[in-house]
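In case you want the letters, here they are:
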Amino acid sequence: GAFLEFEGTRGQLERAGLRVGTQLGRTFTVRLRRDQLAGLRALPGLRRVRLARYARPQLDVSVPEVRAALEHDASGSPPAYEGRAGAGVLIGDVDTGIDFTNGDFLGGDGKTRILYIWDQEDATGTNPAEFDYGSEWTKAQIDDTPAVITHEDSYGHGTNVVGVMAGNGSTTGCSMPAYRYVGVAPEAGIIAVKTDMSDVGVIDGVNYVFQKAAALGKDAVVNLSLG
């Protein structure tokens, strides 16, 4: 791929055999074969070419950079930790929900670390005791009767965020070895709130997490990756 600064039209680039993706003013993203690069010099109106640069996932870098890996003090290979990796602490995420079937949210016993899901937009289940709307799903239901749970993280954002915070790294995928991309607190308990995105719903979601934590006698932290 490449970026072209081009004083012409998309059609001109396509007629030159280039696969055009996005136009941003006079800049175009294109896909091309390596043997087409030399021919670009003869393209009228071409001002500049820059080949694509490639990014890669960085969670295996960011966790050590914030010194979380020192706190984990892994004994042997993950998921065994001698240090502090979130055990006994609850992490709440008020977001788009969570994929409760994802193996990254399992504990060492093979059971889910998700203690509660509150879906504020789902009316098919039971309201949480603390609030009179939405549906609440429990750890027991996730472990024993997942088919009854109608919650879904249709956006995927909440699942990714919880993965960064508390994923155990077991389902890295993409031809990468397991436990390459481990979250900051891979042993923490999880409470996920799928909010309706209103400010009222967000505040109710934060309150819900801390009420659950207080009832369980645990410390908790809540993340809001919302703007």
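Anything mentioned here points back to the structure above.
Residues numbered from 1 in each chain as written. Predicted model: local features only at pLDDT ≥ 70, side-chain atom pairs only at ≥ 80, totals over all residues. Heavy atoms only, no water.

### Here we look at the layout of surface pockets
Now for step 1: Taken as a whole, the largest pocket encloses approximately 310 Å³ of empty space.
Now for step 2: What lines the largest pocket is a set of 22 residues, and nearest its centre among them are Leu106, Gly107, Gly108, Arg113 and Glu187.
Now for step 3: The residue makeup of the lining of the largest pocket, split by class, is 9 nonpolar, 7 polar and 6 charged.
Now for step 4: Here the second largest pocket defines a volume of roughly 230 Å³.
Now for step 5: The wall of the second largest pocket is formed by Leu59, Asn102, Asp104, Phe105, Thr159, Asn160, Gly163, Val164, Gly169, Thr171, Thr172 and Tyr181.
Now for step 6: Here the element with the most residues in the lining of the second largest pocket is helix α5 (residues 157-166); it accounts for 4 residues.
Now for step 7: Residue classes in the lining of the second largest pocket are distributed as 4 nonpolar, 7 polar and 1 charged. (1 Å grid on protein atoms, 1.4 Å probe; cavity = no way out; pocket = protein on both sides within 12 Å on 5 of 7 lines; lining within 4 Å. Points joined across faces, edges and corners; volume = space filled by probe spheres on them. Nonpolar A, V, L, I, M, F, W, Y, C, P; charged D, E, K, R; others polar. Helix = DSSP H or I, 4+ residues; strand = E, 2+ residues; numbered from the N terminus.)

### With respect to the environment of Arg53
Now for step 1: When you line up the elements, Arg53 lands in the loop between β4 (46-51) and α2 (59-65).
Now for step 2: When the C-alpha atoms of Arg53 and Ala2 are compared, they prove to be 8.6 Å apart, with 51 residues separating the residues in sequence.

### Here's the deal with α5
Now for step 1: Of all 10 residues in α5, 7 are buried, a share of seventy percent or more.
Now for step 2: Regarding α5, the residues found buried are Gly158, Thr159, Val161, Val162, Gly163, Met165 and Ala166.
Now for step 3: Where α5 is buried, its residues contact α2, β5 (89-95), β8 (189-194) and β9 (219-223). (Buried < 20%, exposed > 50% of the residue type's maximum accessible area, 1.4 Å probe, protein only. Contact = heavy atoms within 4.5 Å.)

### Some thoughts on the pattern of salt bridges
Now for step 1: Throughout the structure, instances matching the rule amount to 10 salt bridges.
Now for step 2: Here Arg26 makes a salt bridge to Glu7, at a shortest N to O gap of 2.5 Å. Linking Arg26 in the loop between β2 (19-24) and β3 (27-31) with Glu7 in the loop between β1 (2-6) and α1 (10-15), this pair joins segments that are 19 residues apart in sequence.
Now for step 3: On the accessibility criterion, Arg26 (46% relative accessible area) is partly exposed.
Now for step 4: For Glu7, a relative accessible area of 41% puts it in the partly exposed group.
Now for step 5: When the shortest N-O distance is used, the salt bridge between Lys212 and Glu136 registers 3.0 Å. Note that Lys212 is positioned in helix α6 (residues 199-216) and Glu136 in strand β7 (residues 135-138), a separation of 76 residues in sequence. Here the two residues Lys212 and Glu136 agree in accessibility, since each one is buried.
Now for step 6: The structure contains a network of salt bridges with shared partners spanning Glu5, Glu7, Arg26, Arg47 and Arg48. (Salt bridge = Lys/Arg side-chain N within 4 Å of Asp/Glu carboxyl O.)

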